[in-house]
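Coordinate analysis (summary)
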Amino acid sequence: MPVQTPEEMVAALLYLVPATTVPWEQLLAATAKLEPLTQRERCELLLRAVNSDRLSPTMWARLVGAHESTPGIDTQLYKGAMPALRAALARVVADPATAIVDIGANSAEIVNDSVMLIPKVSVDAGKWVQGERVVGRSRGHALAYALNLFLDPEKAFGRLLRQCRWSKCGRFAIGEPPKSRGQPPNYYCTPEHRREGELEQTRERVAKLRRKHK
Ligand SMILES: [Zn+2]
């Protein structure tokens, strides 16, 4: 039957176009071993990678997509991407709004048309839990997708991103929303780093004063 009206066209698109244009079964089989991650879990996993925490090959595979689900994954390969990711995240900590202007367009460009998301939703005791598997054209594309979660102003991750203020550390973490307006207070990842970091700040202030009074 020929399609006559726009309504019929929609029906045709929904029901008549064969679903074989995407090798769906192959795609699902390739990603079957990857546990889906919620977006927050993906953000946290990216931070662990950037913080140089040890990640198991399975964790790496979940972060960088199906391409790496093969055994014997070489995690050394990712090390090269880390300085760029660290710099981008530090930029987000410094100011999320200008980070979008400076790195958002590039990061979006990497992800566009190069990442597929396979959602997995479960409803548990009335709670909606949405995870997703990410399949990237390459592991770099999948990593850029994780970075984009911090750049998206519709999501809270960028505003909650913190970096340990002690200069010898610089670990990233997702923090709590600040209790008051304005800049969040200095973040330190452990009480020891707070001690070290605050000592360092004091020394810097004193040095600055000395220079001023010379
Ligand atoms: Zn620290």
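The structure contained in this document is the topic of the report that follows.

Criteria and thresholds
- Residues numbered from 1 in each chain as written.
- Predicted model: local features only at pLDDT ≥ 70, side-chain atom pairs only at ≥ 80, totals over all residues.
- Helix = DSSP H or I, 4+ residues; strand = E, 2+ residues; numbered from the N terminus.
- Contact = placed C-beta atoms within 7 Å.
- Axes fitted to C-alpha atoms, helices over the stretch in contact; angles between N-to-C directions.
- Left-handed = near helix turned anticlockwise from the far one by under 90°.
- Nonpolar A, V, L, I, M, F, W, Y, C, P; charged D, E, K, R; others polar.
- Parallel < 35°, antiparallel > 145°, perpendicular 65-115°, else oblique.
- Buried ≥ 20, exposed ≤ 12 C-beta atoms within 10 Å, placed from the backbone.
- Pairing = 2+ DSSP bridges.
- Core = buried A, V, L, I, M, F, W, Y, C linked by C-beta atoms within 7 Å.
- Expected span 1.5 Å × (residues − 1).
- Bend = angle between axes of the 7 residues up to and from the residue.

Our next topic: the overall build of the protein. Within the protein, the secondary structure is distributed over 10 helices and 4 strands. Each helix and strand of the protein, placed in order from N terminus to C terminus, yields the pattern α-α-α-α-α-α-α-β-β-α-α-β-β-α. Sequence separation of at least 24 residues holds for 58% of the intrachain contacts in the protein that already meet a minimum separation of 6.

This brings us to the packing of helix 7 (residues 96-111) against helix 8 (residues 139-151). Packing of helix 7 against helix 8 brings their axes to within 9 Å, and their N-to-C directions diverge by 145°. Here helix 7 runs over helix 8; the crossing is left-handed. From helix 7, Ala99, Ile100, Gly104, Ser107, Ala108, Ile110 and Val111 reach across to helix 8, where they touch His141, Ala144, Tyr145, Leu147, Asn148 and Leu151. In the contact of helix 7 with helix 8, the residues fall into 9 nonpolar, 4 polar and no charged.

Moving on to the packing of helix 6 (residues 82-94) against helix 7. Put simply, helix 6 and helix 7 touch, their axes get as near as 6 Å, and they point 140° apart. With respect to their mutual orientation, helix 6 and helix 7 come out oblique. Taken together, the residues of helix 7 that come into contact with helix 6 (itself represented by Ala88, Arg91 and Val92) are Pro96, Ala99, Asp102 and Ile103. Across the contact of helix 6 with helix 7, the residue classes tally to 5 nonpolar, no polar and 2 charged.

The phi dihedral of serine 52 falls on the positive side, at around 60°, and the residue is not glycine. Its place among the elements puts serine 52 in the loop between helix 3 (39-50) and helix 4 (57-64). Using a count of 11 C-beta atoms within 10 Å as the deciding quantity, one classes serine 52 as exposed. The phi dihedral of aspartate 113 falls on the positive side, at around 65°, and the residue is not glycine.

Among the 10 residues of strand 1 (residues 115-124), 0 are classified as buried, and the element is accordingly described as predominantly exposed. Note: strand 1 against strand 2 (residues 127-136), 10 bridges, orientation antiparallel. Bridge pairing in strand 2 links lysine 120 to glycine 131.

This next bit is on the nonpolar core. Counting 29 residues, the largest nonpolar core has Leu46, Leu89, Leu147 and Phe150 as its most contacted members. Mapped onto this core, the elements with two or more residues apiece are helix 3, helix 4, helix 6, helix 7, strand 2 and helix 8. In terms of residue count, helix 8 provides more of this core than any other element does, 8 residues in total.

Attention now goes to helix 7. Taking 1.5 Å as the rise per residue, helix 7 with 16 residues should run 22 Å; its terminal C-alpha atoms sit only 19 Å apart, a clear shortfall. The largest bend in helix 7 is about 55°, located at isoleucine 103. Phi turns positive one or two residues past the end of helix 7, at aspartate 113, with a value near 65°.

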